[in-house]
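Remarks on the overall topology
Listed here are the chains, written in short residue letters.
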Amino acid sequence: MACSDHQQAVGCNPSSCKDDSVTNQSCTHHSCIAIVPIFNHLDDQQMQEIGKAVRPAVYKKNELIYRAGDPSEALYIVNKGKIKIYRLSESGKEQIHRILTAGDFAGELALFKETTHDSYAEALEDTQVCIIRREDMQHYLLQYPAIALKILHELSQRLEAAEIQAARFSSEKTDTRIALYLAECADADGSADGNSDQPNLEFELPMSRKDLASYLGTTPETISRKLAEFEEAGYIEQITHRRIRIRDLDGLLMI
């Protein structure tokens, strides 16, 4: 029996699909578990066991996954697509904290205590999410302690990133924040030939200029103006509205 359209969409191997509905469900969820750093160290049988607790969900572009104040009762894992995590100021201004892509997760505080979300999660594009309830995750944390260590490692990286971002807001000018962000995009993209030691100097911005402005604490107009100035100075080339090539990385880092 061939995989369903949904199973193929999440990376299911058609040869492994069976008529048995439980097997089909495991096939559907296994790919989601396998790409997550907190789970991918487990063996195949252990990942299949966790996959049984997964509930899939699909969100359309701009659809809210949860709101600030909603009960935090599950771990949300991105299978495909992108999600932005943001807060709203008292004046209603949006401040983006993170962009989640395939393999990233949110809602981890629910694993340790009953609480509510302090931020919003919104799909930046059509997105597939795997959801695991708190009770199930707590069971797996006890059964596989290495998962807890992986989660702590991820949280420590997020804390470090938040501290760096806060320091930039308070001590660096807008030009520098934008330039450093472009350099980080190039570094995160890896090289075109697969050698991650060398950045790929051509990449696509992971978010719109409006969202980028929110993330960097400026305005969309400033983002557009500064990118134009960088291009005129020979630091970058704007291939399309989202696609950028860095022509002078050293010069960019000196801004």
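We now turn to the structure provided with this report. (Residues numbered from 1 in each chain as written. Predicted model: local features only at pLDDT ≥ 70, side-chain atom pairs only at ≥ 80, totals over all residues. Heavy atoms only, no water.)

Focus: the pattern of salt bridges
One side chain can pair with another of opposite charge once the charged atoms of both are near each other. Considering all chains together, one arrives at 13 salt bridges under this definition. The residue Arg245 makes a salt bridge to Glu202 at a minimum N-O spacing of 2.7 Å. Taken together, the residues Arg245 in strand β13 (residues 243-246) and Glu202 in strand β11 (residues 202-204) connect sequence positions 43 residues apart. Judged by its relative accessible area of 23%, Glu202 falls in the partly exposed class. Sharing partners across several salt bridges, the network here consists of Glu202, Glu204, Glu237, Arg243, Arg245 and Arg247. (Salt bridge = Lys/Arg side-chain N within 4 Å of Asp/Glu carboxyl O. Helix = DSSP H or I, 4+ residues; strand = E, 2+ residues; numbered from the N terminus. Buried < 20%, exposed > 50% of the residue type's maximum accessible area, 1.4 Å probe, protein only.)

Points about the packing of aromatic side chains
Counted under the stated rule, the structure contains four aromatic pairs. Both rings, one in Tyr66 and one in Tyr76, keep their centres 5.4 Å apart while their planes meet at 50 degrees; by these two values the pair is tilted. Of this pair, Tyr66 sits in strand β2 (residues 64-66) while Tyr76 sits in strand β4 (residues 74-80), and the two are ten residues apart along the sequence. Judged by relative accessible area, Tyr66 falls into the buried class, the value being 6%. We classify Tyr76 as buried; its relative accessible area is 14%. (Phe/Tyr/Trp six-rings, centres within 6.5 Å; stacked < 30°, edge-to-face > 60°.)

Some words on the sheet that holds strand β1 (residues 55-59)
Strands sit in the order β1-β10-β4-β7 across an open sheet of four strands; the sheet is antiparallel. Looking at strand neighbours, the two that pair on one side only are β1 and β7 (105-106), the edges of this open sheet. Here β4 pairs with β7 via two bridges, running antiparallel. Within β7, the position partnered with Ile77 by the bridge is Phe105. (Pairing = 2+ DSSP bridges.)

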